[in-house]
Protein chains: 2
Amino acid sequence: MPKFPHFAERLNRIQGSVFEKYRSKMKEKGPYMIHLHIGDTYLHPKFNLPVDSEFLKKRPYFNRYCNTFGVERFRRAAAEKLNEDNGFTVDSEQILATSGATNALSASVISLLDPDEEILILTPCWPFFPGMVKVADARGIEVPFYTELYTKPDLNITAYLKEFMTPNTVALYLNTPNNPSGKVLTRHQLEQLADFAKYQDLWIISDEAYDGLIFDGHEQICIGTLPEMHQRTISIFTFSKSFMFAGLRLGYLTSDAEVVKEINKVLVHQVYSPSTLSQYMMVEPLKHRQDWIPKLCMEYQELRDMFIEKMQIPVICPEGTYFLFFSIQAYLRGRKYWEVIDQLIDAGVAVAPGVDFGSNFKDYIRICFTGEPPERLEKAIERLNEVLA
Amino acid sequence: MPKFPHFAERLNRIQGSVFEKYRSKMKEKGPYMIHLHIGDTYLHPKFNLPVDSEFLKKRPYFNRYCNTFGVERFRRAAAEKLNEDNGFTVDSEQILATSGATNALSASVISLLDPDEEILILTPCWPFFPGMVKVADARGIEVPFYTELYTKPDLNITAYLKEFMTPNTVALYLNTPNNPSGKVLTRHQLEQLADFAKYQDLWIISDEAYDGLIFDGHEQICIGTLPEMHQRTISIFTFSKSFMFAGLRLGYLTSDAEVVKEINKVLVHQVYSPSTLSQYMMVEPLKHRQDWIPKLCMEYQELRDMFIEKMQIPVICPEGTYFLFFSIQAYLRGRKYWEVIDQLIDAGVAVAPGVDFGSNFKDYIRICFTGEPPERLEKAIERLNEVLA
């Protein structure tokens, strides 16, 4: 079987950066282009890292391999954070340091799913998650969910999910606060998901990447803290969103110590461990999080409110994250969806196309309302209004 | 099919840290224990990182996501290094930044191997590589190789490798300088491997992790620089060994730009990208590498010579890397192999068991002669002599 120059078949099933196809067109526009298609923040971190030669001298092993489960003082700080803020009762043995939430999600998928097994993916969802399932040669089953809950908060979740089950279903992927819809699941909704998982013997991969980015006093619940759920849930956190340190590629997951040990086996075969230095660097921001993250969240909420107020079309008000996600079906006025996306790029504003978040969202767009400074956001809103309203 | 609490079957085929089983026993010994089982260095980096608040101010995006292929100035510096030192002729488009060589190897395996396909693994080899192949549900075929070449430098490689081929063989994994044997493949040996790969339509994954750690003036050749080999070879480099910055988890790979694009698709699904900050931090050490890495290499060579001289049993003298690898069969004197490993740990010196490097090396041990400072190395040698000689 001659192989070269052919790649593994799984590469035909995944794509790279979801924005790759627009890159050259956007590049031509230079600084005129306002980038609201990526999930990032225009702000510099609100925590000043004490990183100087003294910092490095006091951590002389920053350049060396660490324990593949993570640096002990980092794992302890992460466990304390989860216990104090999120209602977990975990110790450092139940923490696995990872190269961002991406790495934690990917290692979890590979640890849990055998080829051809199925995982229910509640959608709309982060575009790379279905790709991870494909990389593991498993199957993701899209379940339209979060946007439904804005209009049907009393949805009978058990009855609804049951229709997507097959004899091959072994896990459920969940993300609250949800990227891209901004939905924050309520305790009652999570209890139904938990009961369903227990009844159906499902693992849960709970993506808590937007932990802490919650508006209007909504309550943030982690499904892993519900009764008997910790051991069947991989709860995944990151420093890329509310902590604003995406560039350090650091995250962590928690579950039973035995589960953590199994996932570590995959992680050492993917990256060996996350950066030792990144772990040292995140201990202080983690310990002082209450001094700066709630302020950041307030600023984001103000940006959200400004954005929604100035938009001349009604959009769903997100309960968390830093995204707006809405259908533009009513504003096409005879144009095709992709013509409108092109017109937006021509007008100088990049948004993420809905289809990347699930096949049910082909007429949606996602906007990151923290990706550029307020004055440029306002310009972007004008352009959006021109093309859409 | 109830799944929880069962994991994916592939987890039964891999192990985590190869030293996990000795951890508690070694911990009991405290500082008495001399750790020569891990591939690391006792030295602090010989390059002073200019990392202070000024450094961070001048790189205000260090905290943000980077291009998933890597930071452009890092990719350019890596390409220049490969062109100047290793004989490549690549530009930054042919560089993919990765979270260490581990991540580059893992992404390559997943990109190239379909389930049940076979890759020839020249052994002895780095213990995690066969595990990566298992994670991808593919099959690694061990080919005893590097140690053979110490005694049979004129081995007919083509005829030898042919015996391991099946209709499912699609790739070859190669590592020179070799961990653990210290063998540095000659141009003639590499040419035979290259011809074999071309004739058999094989991909090559070339692990150059020990790039630059070469002794006695041996010539280091990268197989990817031989005629027509770049496009079928993934050449993989790291900052963890000769650069001494394992804790930053940074490496890179090079191949044709089209191959780089395909592997990037897998990498974004594993880690999204390596640390932006690590990439910024490694640009200067990379540019000034000639000022400090050759000196480091000299120091390592002296440590090697001291070690071999003081050992009371003859060991193969490694041509590169920082390992000794030899059979202890002749020194068992009625003891079982594992009894000797236990006696070594009891005596306060940890070595890596040979079986982790390939099933043909069950009576070997690997020693890292740079893992502890010279005075502790000398103590370790005394203990080794007591137990073995």
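The shown structure was predicted, so the numbers you read here are calculated from the model rather than taken from an experiment.

1. Some details on the overall build of chain A
Line of reasoning, step 1. Scanning chain A from N- to C-terminus turns up 13 helices and 12 strands.
Line of reasoning, step 2. Since a compact globule built from 389 residues should have a radius of gyration of about 21 Å, the 21 Å found for chain A is in line with a globular shape.
Line of reasoning, step 3. Projected onto its principal axes, the C-alpha coordinates of chain A cover approximately 55 × 55 × 55 Å.
Line of reasoning, step 4. Relative to its full complement of 389 residues, chain A shows a buried share of 54%.
Line of reasoning, step 5. Taking all contacts inside chain A whose residues are at least 6 apart in sequence as the whole, residues at least 24 apart take part in 76%.

2. Examining the domain arrangement of chain A
One frequently used descriptor of interface size is the decrease in accessible area upon assembly of the parts.
Residue and element names in this part refer to chain A.
Line of reasoning, step 1. Taken domain by domain, chain A holds domain 1 (9-44 + 292-388) and domain 2 (62-288).
Line of reasoning, step 2. Relative placement of domain 1 and domain 2: their C-alpha centres are 25 Å apart.
Line of reasoning, step 3. At the junction of the two partners, domain 1 supplies 30 residues and domain 2 supplies 30 residues.
Line of reasoning, step 4. At the level of secondary structure, the elements contributing two or more residues to the side of domain 1 that touches domain 2 comprise helix H11 (293-310) and strand S9 (323-327).
Line of reasoning, step 5. Per-element accounting of the side of domain 1 that touches domain 2 gives the leading share, 6 residues, to H11.

3. As for the confidence of the model for chain A
Line of reasoning, step 1. On average, chain A scores 95 in pLDDT, and the residues at 70 or more come to 98%.
Line of reasoning, step 2. Across the predicted assembly, pTM comes out at 0.96 and ipTM at 0.96.

4. Observations regarding the interface of chain A and chain B
Line of reasoning, step 1. On the side of chain B, 73 residues touch chain A, which itself brings 73 residues to the contact.
Line of reasoning, step 2. Counting residues per element, the ones that place at least two in the side of chain A that touches chain B are helix H2 (53-58), helix H4 (100-112), helix H5 (128-135), strand S5 (169-175), helix H9 (257-270) and helix H10 (276-287) of chain A.
Line of reasoning, step 3. For the side of chain A that touches chain B, the leading source of residues is H9(A), giving 8 residues.
Line of reasoning, step 4. Its residues assigned to classes, the side of chain A that touches chain B shows 37 nonpolar, 23 polar and 13 charged.

5. Notes on the pairing of strand S8 (residues 251-254) of chain B
Residue and element names in this part refer to chain B.
Line of reasoning, step 1. Burial along S8 is two-sided: Gly251 and Leu253 facing one way and Tyr252 and Thr254 facing the other are all buried.
Line of reasoning, step 2. Bridge count for strand S7 (residues 233-238) against S8 is 4 bridges, and the pairing is antiparallel. Its bridge partner being in S8, Thr238 is matched across the sheet by Gly251.

6. Some words on the environment of Ile367(B)
Residues and elements named next belong to chain B.
Line of reasoning, step 1. Along the chain, the position of Ile367 falls in strand S12 (residues 364-368).
Line of reasoning, step 2. Taking the C-alpha atoms as reference points, Ile367 and His37, 330 residues apart in sequence, are found 5.9 Å from one another.
Line of reasoning, step 3. Sequence-distant contacts of Ile367, defined by excluding residues within four places in its chain, comprise Leu36, Phe323, Leu324 and Val351.

7. Description of the relation of the copies chain A and chain B
Line of reasoning, step 1. Note on the copies: chain A fits chain B at an RMSD of 0.0 Å, the axial shift is 0.0 Å, and the rotation between them is 180°. Put plainly, the chains are arranged around a two-fold axis. Among all residues of chain A, the minimum C-alpha distance to the rotation axis is found for Asp52(A), at 1.9 Å.

8. A short note on the environment of Leu324(A)
All names here are of chain A.
Line of reasoning, step 1. Structurally, the position occupied by Leu324 is in strand S9.
Line of reasoning, step 2. With 30 residues separating them along the chain, Leu324 and Pro294 place their C-alpha atoms 20 Å apart.
Line of reasoning, step 3. Excluding residues that lie within four positions of it along the chain, Leu324 makes contacts with Phe307, Val315, Pro318, Ile367 and Phe369.

What counts, and at which threshold
Residues numbered from 1 in each chain as written. Chains lettered and ligands numbered in written order. Predicted model: local features only at pLDDT ≥ 70, side-chain atom pairs only at ≥ 80, totals over all residues. Helix = DSSP H or I, 4+ residues; strand = E, 2+ residues; numbered from the N terminus. Rg over C-alpha atoms; globule rule 2.2 N^0.38 Å. Buried ≥ 20, exposed ≤ 12 C-beta atoms within 10 Å, placed from the backbone. Contact = placed C-beta atoms within 7 Å. Domains from an automatic or database assignment. pLDDT = per-residue confidence, 0-100. Nonpolar A, V, L, I, M, F, W, Y, C, P; charged D, E, K, R; others polar. Pairing = 2+ DSSP bridges. Least-squares fit on C-alpha atoms with pLDDT ≥ 70 in both.

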